[in-house]
Amino acid sequence: MELPVSTPFDDVVTANAAYAEKFDLSGLQAKAARGLALVTCMDSRIDPLGALGLTTGDAKILRNAGGRVTDDTLTALVLAAYLLEVDRVLVMPHTRCKMASVSSDDEVHEAIRQASGVDTRSLEFNTIADQRAALRHDLERIRHHPMLPADLAVAGAIYDVETGQVTLTDD
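Cut-offs applied
- Residues numbered from 1 in each chain as written.
- Predicted model: local features only at pLDDT ≥ 70, side-chain atom pairs only at ≥ 80, totals over all residues.
- Heavy atoms only, no water.
- Helix = DSSP H or I, 4+ residues; strand = E, 2+ residues; numbered from the N terminus.
- Buried < 20%, exposed > 50% of the residue type's maximum accessible area, 1.4 Å probe, protein only.
- Contact = heavy atoms within 4.5 Å.
- Areas by Shrake-Rupley, 256 points an atom, 1.4 Å probe, with all protein chains shown as cover.
- Lys, Arg positive; Asp, Glu negative; His and termini not counted.
- Charge placed at Lys NZ, Arg CZ, Asp CG, Glu CD.
- Expected span 1.5 Å × (residues − 1).
- Arc of directions from axis to C-beta.
- Pairing = 2+ DSSP bridges.
- Phe/Tyr/Trp six-rings, centres within 6.5 Å; stacked < 30°, edge-to-face > 60°.
- Salt bridge = Lys/Arg side-chain N within 4 Å of Asp/Glu carboxyl O.
- Polar contact = N/O pair within 3.5 Å; in protein donor to acceptor, adjacent residues only side chain to side chain.
- Axes fitted to C-alpha atoms, helices over the stretch in contact; angles between N-to-C directions.

It is worth spelling out the overall build of the protein chain at this point. If you tally the helices and strands in the protein chain, you get 5 helices and 5 strands. In sequence order, the protein chain lays out its α and β elements as α-β-α-β-α-β-α-α-β-β. Seen through its principal axes, the protein chain has C-alpha atoms that stretch 65 × 50 × 35 Å. When burial is assessed residue by residue, the protein chain has 35% of its 171 residues classed as buried. Intrachain contacts of the protein chain at a sequence separation of at least 6 include 67% that bridge at least 24 residues. Per element, the accessible surface of the protein chain, about 10,800 Å² overall, is 55% carbon and sulfur. The average position of the 16 basic charges and that of the 26 acidic charges among the side chains of the protein chain differ by 3 Å.

In structure tokens:
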């Protein structure tokens, strides 16, 4: 008898099998049940549903390094606003963000080059020298995007990774 080949994904495949046995979310609609789109960081310390009192199906969650509003994020927000019943957007970066701990994309490129020899200069990492200024900039990108509805509610908040507290900003 041949033994199954082990893969780096065995843990998640096994966990999914258990999840699928108890799966009870069929029938959820593709829309955002609470009309919310959340833009936040990919940091694994953030539980976006739990932090905001949401459940599966309540919101569209867009995650990337630094929780930045990139061109791809704007594209997703246009789709969400017109096709998925999103009528409000919360942009929520967080404290102790790795992208806010470096001074420039050049610093990240150099760190990756030194660690692996890979040249990443064709990528834009959107590092954040001033997190509040970056959040203000990102909120303005959404508020003034010509393809997003003029009445789309937009707000910013900071998530504290030490306390779980979300603080709305007046930016």
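Moving on from the model shown.
Below, the discussion takes up helix α3 (residues 71-83). For α3, which comprises 13 residues, the first-to-last C-alpha distance of 18 Å matches the rise-based estimate of 18 Å (1.5 Å per residue) to within 8%. Thr 73, Leu 74, Leu 77, Val 78, Ala 80 and Ala 81 are the residues of α3 that are buried. The arc enclosing the buried residues of α3, seen along the axis, measures out at 170 degrees, which places them on a common side. Across α3 from its buried face, at more than 90 degrees, point the exposed residues Asp 71, Asp 72 and Leu 83. Within two residues after α3, Glu 85 carries a phi angle of roughly 60 degrees, on the positive side.

Before going further, it helps to examine the pairing of strand β4 (residues 153-159). With respect to burial, β4 is a largely interior element, 5 of its 7 residues being buried. The sheet contact formed by β4 and strand β5 (residues 166-168) spans 3 bridges and is antiparallel. Paired with Tyr 159 across the strands is Val 166, a residue of β5. Between β4 and β5, which pair antiparallel in sequence order, lie 6 residues; one of them, Gly 164, sits at a positive phi of approximately 80 degrees.

What follows covers the packing of aromatic side chains. Per the counting criterion, the structure on display carries 1 aromatic pair. Ring geometry for Tyr 19 versus Phe 23: centroids 5.6 Å apart, planes at 65 degrees, classification edge-to-face.

The subject of this paragraph is the pattern of salt bridges. Pairs can form between side chains of opposite charge once their charged atoms are near each other. A full pass over the atoms with the stated rule returns 9 salt bridges. The partner of Asp 43 in a salt bridge is Arg 45, with the nearest N and O atoms 2.6 Å apart. Here Glu 110 makes a salt bridge to Arg 113, at a shortest N to O gap of 2.5 Å. Of this pair, Glu 110 and Arg 113 both sit in helix α4 (residues 105-116), 3 residues apart, which is roughly one turn of the helix. The partly exposed category is assigned to Glu 110, whose relative accessible area is 31%. Look at Arg 113 and you get partly exposed, because its relative accessible area is 42%.

Here we take up the environment of His 109. With respect to the helices, strands and loops of the structure, His 109 is situated in helix α4. Not counting chain neighbours up to four residues away, the residues in contact with His 109 comprise Thr 120, Arg 121, Leu 123 and Phe 125. Here Leu 123 takes part through its backbone oxygen, which lies 3.3 Å from a polar atom of the side chain of His 109.

Our next topic: the sheet that holds β4. Here 5 strands make up an open sheet; going across it, the order is β2-β1-β3-β4-β5 and the pairing mixed. Of all strands in the sheet, those bounded by a partner on one side alone are β2 (59-64) and β5. Across the sheet, the axes of successive neighbouring strands diverge by a mean angle of 25 degrees, strand direction being ignored. The sheet strands contacting α3 are β1 (36-41), β2 and β3 (88-92), and the helix crosses β2 at an angle near 175 degrees. Packing of helix α5 (residues 131-143) onto the sheet brings it into contact with β3 and β4, and relative to β4 it is tilted by some 160 degrees.

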